[in-house]
Amino acid sequence: MRKLSILAVGLVLGVSGVGTAQAQDAELLEALRSGGHVGLMRHSTAPGSDDPPRFRLGECETQRNLSEGGRAQAAEIGSRLRASGITQARVFSSLWCRCLHTAELLGLGAVEELASLNSLVNYRREGSAMIRETRAWILEQDLSTPTILVTHQINIGALLRRYPAEGEIVVVRPTPSGGLDVVGTISAPFVD
């Protein structure tokens, strides 16, 4: 009987945890929709780590790319954003194919390349300058329209000290003092 009670409590807590996460996601989506915030998104699921040695920008066949699940994940994230009222957004991306494809699959409008979002793994010497450039870029923007930056975990980590999973969106709010306050993270849908 005691095992059954513990199992029931665990199920209730698990279900309420899911409900809480969905409520938090809804609040963050509303913040992103209403303006004054930026979503920093890690690209969707791309199996493996790092790019092959022959990697070249502009040549997707030389890069680590989205899996079919990653493509479905990006499309689902776009559907979730549209269902929350974000039907159009300013979308900027790293020049890496996995980021560009994620940004395109969101289906929120034209995607613009932003070089400061490129993977810091390949720009170790320029990394600090790229992070400063990304921060300054965010602080200069008119955020009255939803704005999403699709980039890499290493970049988000260097900028915010947050390390999102593939497909997660970290929502930030610029501060008057020139900082970026992390409001929260919108969870990514699970993919196989």
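Fair warning: this is a prediction, and the values are worked out from it, not measured in the lab.

A. A look at the state of the cysteines. This model, assessed by the stated rule, comprises one disulfide. The thiol of Cys99 is unpaired, and the distance to the nearest cysteine sulfur, on Cys97, comes to 9.4 Å. A relative accessible area of 0% places Cys99 in the buried class.

B. Representation of helix H3 (residues 97-105) within the structure. Buried within H3 are the following residues: Cys97, Arg98, Cys99, Leu100, Thr102 and Ala103. Tucked into the core, H3 has its buried residues touching strand S1 (38-42), helix H2 (68-83), strand S2 (90-93), strand S3 (111-113) and strand S4 (147-151).

C. Looking closely at the pattern of salt bridges. A full pass over the atoms with the stated rule returns four salt bridges. Across the pair Arg80 and Asp25 runs a salt bridge whose closest N-O atoms are separated by 3.7 Å. Of this pair, Arg80 sits in helix H2 while Asp25 sits in helix H1 (residues 2-34), and the two are 55 residues apart along the sequence. Looking at Arg80, the relative accessible area reads 24%, which means it is partly exposed. Ionic pairing is found between Arg56 and Glu59, a salt bridge with its closest N-O pair at 2.7 Å.

D. Region of the structure containing the nonpolar core. Core analysis: the largest hydrophobic core is formed by 20 residues, its most contacted members being Met41, Leu81, Leu106, Leu108, Ile148 and Val150. When contributions to this core are tallied by element, the ones reaching two or more residues are H1, H2, H3, S4 and strand S5 (169-174). Take this core: its biggest share by element is three residues, from H1. In this structure, Val38, Leu159, Leu160 and Val172 belong to the second largest nonpolar core, which totals 18 residues.

E. Seen up close, the pairing of S5. In this structure, S1 lies alongside S5, joined through four bridges in antiparallel fashion. Across the sheet, Gly39 pairs through a bridge with Val171, a residue of S5. Remark: five residues form the turn of the hairpin made by S5 and strand S6 (residues 180-186), two consecutive strands paired antiparallel; Gly178 in that turn has positive phi of roughly 90°.

F. Fine view of the confidence of the model for the protein chain. Put simply, the protein chain has an average pLDDT of 89, and 89% of its residues get 70 or more. Low pLDDT, under 50, characterises residues 1-18; the stretch is placed with zero contacts to residues that sit more than four places away or in other chains.

G. Spatial organisation of empty space enclosed by the protein. Summed over the entire model, instances satisfying the criterion amount to one cavity of 30 Å³ or more. Its volume calculated, the largest cavity comes out at about 40 Å³. Forming the walls of the largest cavity are Leu40, Ser116, Leu117, Ile131, Thr134, Thr151, Asn155, Ile156 and Leu159. Those elements that place two or more of their residues in the lining of the largest cavity are helix H4 (127-140) and helix H5 (153-160). If you tally residues by element for the lining of the largest cavity, the top one is H5, at three residues. Partitioning the lining of the largest cavity into residue classes produces five nonpolar, four polar and no charged.

Conventions we followed
Residues numbered from 1 in each chain as written. Predicted model: local features only at pLDDT ≥ 70, side-chain atom pairs only at ≥ 80, totals over all residues. Heavy atoms only, no water. Disulfide = S-S within 2.5 Å. Buried < 20%, exposed > 50% of the residue type's maximum accessible area, 1.4 Å probe, protein only. Helix = DSSP H or I, 4+ residues; strand = E, 2+ residues; numbered from the N terminus. Contact = heavy atoms within 4.5 Å. Salt bridge = Lys/Arg side-chain N within 4 Å of Asp/Glu carboxyl O. Core = buried A, V, L, I, M, F, W, Y, C linked by side-chain atoms within 4.5 Å. Pairing = 2+ DSSP bridges. pLDDT = per-residue confidence, 0-100. 1 Å grid on protein atoms, 1.4 Å probe; cavity = no way out; pocket = protein on both sides within 12 Å on 5 of 7 lines; lining within 4 Å. Points joined across faces, edges and corners; volume = space filled by probe spheres on them. Nonpolar A, V, L, I, M, F, W, Y, C, P; charged D, E, K, R; others polar.

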